[in-house]
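Each chain, written out:
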Amino acid sequence: MEARANPEIKFDESFRDSISTITAEGKRSWIYPKKPKGKLYNARTWVSIAFLIVFFAMPLIKVNRHPFMLLNVIERKFVLFGIAFFPQDFFLFVLAVLTFVVFIALFTALFGRLWCGWACPQTVFMEMVFRKIEYWIEGDSMKQKALDHREWDTYKASRKITKHSLFFIISFIISNTFLAYIIGFDEWKKIVTDDFSKHQAGLISITAFTGIFYGVYARFREQVCIVVCPYGRLQGVLLDPNSVIVGYDYNRGEPRGKISKSQEQKTGDCIDCHLCVNVCPTGIDIRHGTQLECINCTACIDACNDIMDKTNKPHGLIRYTSENAIKNGIKFKITPRIIGYAIILFVLLGTLVTFLALRSDISTTVLRTPGMLYQKTDDTHISNLFTIQLVNKTFADLPIELKVVEPAGQIKWVGNGILNLKEQSVAESVFFLVIPKSQITKTKTKVKFEIYSNGKKIDVAETSFLGPNI
Ligand code: SF4
Ligand code: SF4
């Protein structure tokens, strides 16, 4: 395809080599983005409402009296979509993380930062909750700036107090929801309804999370995306010239310049109105090309489309596109990189689904007690001492029966043994396995156990039995 790049176009050679929100003196340059409006902003608002409903409702959803989602990192208990995972499922967790990383790489190679602009919790809360409150109380960008520069008086104090009180209340609500994801809704309810002195750790967590969320949304803001978020930092390696970006069509827009009715139009479609810069929540000028700070929020697309309407030009001077589409007119291309990612993702996903499907309801580990040799119980039998650990991954109590199937032998529990395995629990016990001497033909004999519940075989375990040197 013939290249469309215009060799005459020269970019501003003095373009910054530092981030847009830090001044040359290293101070924060506060952003006052103009309130966006337009089709994409409206669509994002609806997506955000859906996100917020799901976010706040999720901890309340239960399946068979148990949370649908639980991310209890403290007790290492995880419930994802109603399925409980234990530390024993660690390999599944590693596989799921690997699959997710490859999915992210593929998704970003194809669609760029679509996630950041539309569904990232940071963007949704910042742009669709806190920023909307700010516009509502303090007005649009110019009014906010004026208010910040105004001397303290009742007007300014009332607005600032109202805004920050609301910010604090919402941060408090987010904090409680966040904690409910970690410890579960029922445990969270105990913290806020029980005697406070019994739940000091929980209350400290709620206070700390509230402080963090308030700090992020009231002050730190876009810096999360620019300097903290690892996904944002990885864009440089995840994107390629064919990835979807929010891009400025410099072939169409340059040379930029004001419209003059009296002269023949010698400039491109960009009238240099700076609206795309004014609405940007990270304070960048997208006309300089793809930049680290761009979270693909689409505010500049809406702003520019509005100007195009006013200047009778077609929409899309700033649009969802790719570097390759702007430069060479190539709309979409499946690259070897995308094919490679897709193949790896397919293999990983297949493996993960297979392991999940084959995952048993319980996990059994039987180990010979370390440091113990065999014991002679009488002239015809010898025994070994074993430790058994059973993990019940289900949400039901399971009656347990342990059988030795190979070689024939007898299990003698030390104590009561494990007769009943409580839901979502780990139980350990010790037993002797007594085997007739006639069955032992070598020093280490393979032993196979079967675990039954209500007459149904639910797991098998193998280990070795130590015998005399024959
Ligand atoms: S909003 Fe559009 S026309 Fe205005 S400066 Fe930005 S790119 Fe140019
Ligand atoms: S450049 Fe446009 S899409 Fe990127 S962050 Fe700024 S307004 Fe959003």
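This text follows the structure it describes.
Residues numbered from 1 in each chain as written. Chains lettered and ligands numbered in written order. Predicted model: local features only at pLDDT ≥ 70, side-chain atom pairs only at ≥ 80, totals over all residues. Heavy atoms only, no water.

A. Summary view of the site of ligand 1. Neighbouring ligand 1 are the residues Tyr248, Cys270, Ile271, Asp272, Cys273, His274, Cys276, Arg287, Cys304, Met308, Leu317 and Ile318. Residues belonging to the shell around ligand 1 are distributed by class as follows: nine nonpolar, one polar and two charged. (Near = heavy atom within 4 Å. Nonpolar A, V, L, I, M, F, W, Y, C, P; charged D, E, K, R; others polar.)

B. Structural context of the pairing of strand β3 (residues 69–72). Pairing of β3 with strand β4 (residues 77–80) involves four bridges; the strand directions are antiparallel. Looking at β4, one finds that Asn72 is bridged to Lys77. (Pairing = 2+ DSSP bridges. Helix = DSSP H or I, 4+ residues; strand = E, 2+ residues; numbered from the N terminus.)

C. Representation of helix α4 (residues 121–138) in the model. An ideal rise of 1.5 Å per residue puts 26 Å on 18 residues; α4 measures up with 24 Å between its terminal C-alpha atoms. Arg131 marks the point of greatest bend in α4, at about 35°. Taking burial as the measure, the 18 residues of α4 include 15 buried ones, the bulk of the element. At the exit of α4 stands Gly139, carrying a positive phi of roughly 90°. (Expected span 1.5 Å × (residues − 1). Bend = angle between axes of the 7 residues up to and from the residue. Buried < 20%, exposed > 50% of the residue type's maximum accessible area, 1.4 Å probe, protein only.)

D. Looking closely at the site of ligand 2. Around ligand 2 sit 13 residues, and of these Cys280, Cys294, Cys297, Thr298 and Cys300 come closest. Per-class residue counts for the shell around ligand 2 are ten nonpolar, three polar and no charged.

E. Summary view of the sheet that holds strand β5 (residues 83–85). Spatial ordering of the open sheet is given by β3-β4-β5, a layout of three strands whose pairing is antiparallel. The open sheet has two free edges, formed respectively by β3 and β5, since each of these has just one partner strand. Direction aside, neighbouring strands of the sheet carry axes that sit 25° apart on average. (Axes fitted to C-alpha atoms, helices over the stretch in contact; angles between N-to-C directions.)

F. Focus on the sheet that holds strand β12 (residues 401–406). As summarised here, the arrangement of the three strands in space is β12-β16-β17, forming an open sheet in which the pairing is antiparallel. If you trace the sheet from one side to the other, it starts and ends with β12 and β17 (456–466), each paired once. For this sheet, the mean angle separating the axes of adjacent strands, direction not counted, is 30°. As defined by bridge partners, strand β16 (residues 444–453) adjoins β17 across ten bridges and the pair is classed as antiparallel. Considered in β17, the bridge of Ser453 is made with Lys456.

G. The packing of helix α6 (residues 154–183) against helix α7 (residues 185–193), seen in detail. α7 packs onto α6 with a crossing angle of 130° between their chain directions and a minimal axis gap of 7 Å. Put simply, α6 runs oblique to α7. Together, Asn176, Leu179, Ala180 and Ile183 of α6 and Phe185, Glu187, Trp188, Ile191 and Val192 of α7 make up the contact between the two elements. When the residues that make up the contact of α6 with α7 are grouped by side-chain class, the tally is seven nonpolar, one polar and one charged. (Parallel < 35°, antiparallel > 145°, perpendicular 65-115°, else oblique. Contact = heavy atoms within 4.5 Å.)

H. Quick look at the side chain of Ser243. Among the structural elements, Ser243 can be located in the loop between α11 (235–238) and β6 (245–248). Here Ser243 falls in the buried class, since its relative accessible area comes to 1%. A polar side-chain atom of Ser243 sits 2.8 Å from the main-chain carbonyl oxygen of Ala109. (Polar contact = N/O pair within 3.5 Å; in protein donor to acceptor, adjacent residues only side chain to side chain.)

I. Representation of the nonpolar core within the structure. Tyr248, Ile286, Cys300, Leu317 and Ile318 are the most contacted members of the largest nonpolar core, which totals 30 residues. Every element with two or more residues in this core is listed here: β6, α13 (275–278) and α14 (299–310). Of the residues forming this core, the biggest block, seven residues, is contributed by α14. Not counting residues within four places of it along the chain, the set of residues in contact with Ile286 comprises Val246, Tyr248, Gln291, Cys294, Cys300 and Ile318. Residues Phe130, Leu179, Ile183 and Trp188 belong to the second largest nonpolar core, which totals 29 residues. (Core = buried A, V, L, I, M, F, W, Y, C linked by side-chain atoms within 4.5 Å.)

J. The arrangement of the layout of surface pockets in detail. One number sums up the size of the largest pocket: a volume of about 2100 Å³. Lining the largest pocket are 46 residues, with Met69, Leu71, Leu80, Phe100 and Trp115 positioned closest to its centre. Among the elements that line the lining of the largest pocket, the one with the most residues is helix α2 (residues 90–111), at ten residues. The class makeup of the residues in the lining of the largest pocket is 42 nonpolar, two polar and two charged. Of the pockets and cavities examined, the second largest pocket occupies roughly 630 Å³. Contributing to the lining of the second largest pocket are 30 residues, with Leu70, Asn72, Ile183, Gly184 and Glu187 lying nearest its centre. Every element with two or more residues in the lining of the second largest pocket is listed here: β2 (66–67), β3, β4, α6, α7 and α8 (200–220). Looking at the lining of the second largest pocket, its residues break down into 13 nonpolar, eight polar and nine charged. (1 Å grid on protein atoms, 1.4 Å probe; cavity = no way out; pocket = protein on both sides within 12 Å on 5 of 7 lines; lining within 4 Å. Points joined across faces, edges and corners; volume = space filled by probe spheres on them.)

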